[in-house]
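Below are the chains, spelled out letter by letter.
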Amino acid sequence: MKLFLDSAKTDEISRALELWDVDGLTTNPKHVQASGKSFRVAIEEIAELFKGTDKPVSVEVNPHITDWKQMVSEGLELSKISPNFVIKIGASEAGFKAIRELTAQGVRCNATLIFSVAQAWHAARAGAAFISPFLGWKEQHGDSASSFILEVRTMLENFGYESEIIAAAIRNASQIGNASVDGAHCITAGMAVYEDSFRNPYTNMGEKIFQDAWDATPQS
Ligand code: E4P
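What counts and what doesn't
Residues numbered from 1 in each chain as written. Predicted model: local features only at pLDDT ≥ 70, side-chain atom pairs only at ≥ 80, totals over all residues. Core = buried A, V, L, I, M, F, W, Y, C linked by C-beta atoms within 7 Å. Buried ≥ 20, exposed ≤ 12 C-beta atoms within 10 Å, placed from the backbone. Contact = placed C-beta atoms within 7 Å. Near = placed C-beta within 6 Å. Nonpolar A, V, L, I, M, F, W, Y, C, P; charged D, E, K, R; others polar. Pairing = 2+ DSSP bridges. Helix = DSSP H or I, 4+ residues; strand = E, 2+ residues; numbered from the N terminus. Axes fitted to C-alpha atoms, helices over the stretch in contact; angles between N-to-C directions. Right-handed = clockwise from strand over helix to strand, strands pointing away.

Student: Looking at this structure, I do not really get the nonpolar core. What am I missing?
Tutor: Soluble globular proteins: nonpolar side chains tend toward being buried together. Membership of the largest hydrophobic core comes to 62 residues, with the highest contact counts inside it found for Ala 123 and Ile 131. With residues near it in sequence (within four places) discarded, Ile 131 still touches Ala 111, Ile 114, Ala 120, Ala 123, Ala 124, Val 152, Ser 163, Ile 165 and Ile 166.

Shown next as structure tokens:
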């Protein structure tokens, strides 16, 4: 399962590239806002960080656009900035049409804001390179997301679609583990979620036990 960072902050991204060799990046308008930079500056700086790699970087079109032709035109413009850019488009009738058109023109797309298997199927039919089911948002609003990734994966395999699932809006290590078991091709989460996932209280407890044993043992 590929590890994508969900962020638009260049300091976080540089750190994650260096320490974790992240496989790619996802951004969204919230992340760009949190970077404190203009959209253009933020995505150009991000493009620079990934230059010369084959790592995908998802960049979202203006979410106000409802016309598929405008989505295509903006997607084409964005894709000229960096060969790493994957155009992120929200699930909708117009969005799926735009994904179909961009894909036909050789531009990879990430269908975002996916909350049902039906939406994932529309995205796969349209040729989306990536499909992003949002687990955290579903659970936050009382829906169960426990079988969502497995269902989307089963749908893709039933028909031989080549789209990759990005398990998105991940909030904890348990969701990371479940997504990997359920067959997500990629996962995207914020820096803090990954940092938590490295740790476990039992590991700390074990380290203390071993340190105490080490200290009580003559070393020569
Ligand atoms: C995924 O690509 C999204 O950017 C992301 O996971 C959205 O959720 P969040 O920002 O609430 O985590």
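Resuming the write-up.
Student: What is the right way to look at the site of the ligand in this model?
Tutor: Close to the ligand lie Asp 6, Thr 26, Asn 28, Lys 30, Thr 112, Ser 132, Gly 136, Ala 168, Ala 169 and Thr 188, which account for all nearby residues. For the shell around the ligand, the class distribution of residues is two nonpolar, six polar and two charged.

Student: Honestly, the sheet that holds strand S8 (residues 186-189) in this entry has me stumped. Any pointers?
Tutor: Here we have eight strands rolled up into a closed barrel, ordered S1-S2-S3-S4-S5-S6-S7-S8, and parallel in their pairing. Averaged over neighbouring strand pairs, the angle between their axes works out to 30° when direction is ignored. Sheet topology note: the strand S2 (residues 24-26)/strand S3 (residues 57-60) ladder contains two bridges and is parallel. Across the sheet, the residue bridging to Leu 25 is Val 57, located in S3.

Student: What's the story with the pairing of strand S5 (residues 109-114) in this structure? I'm lost.
Tutor: One face of the sheet, then the other: side chains in a regular strand alternate in exactly this way. Counting buried positions along S5 yields six of six residues, so the element is predominantly enclosed. Of the strand pairs in this sheet, strand S4 (residues 85-90) and S5 are connected by four bridges, and their pairing is parallel. Bridging from a neighbouring strand, Gly 90 pairs with Thr 112 of S5. The pairing of S5 with strand S6 (residues 130-133) spans three bridges and is parallel. Among the inter-strand pairings, Ile 114 is bridged to a residue of S6, identified as Pro 133. In this fold, S5 hands off to helix H6 (residues 117-126), which returns the chain to S6; that crossover is right-handed.

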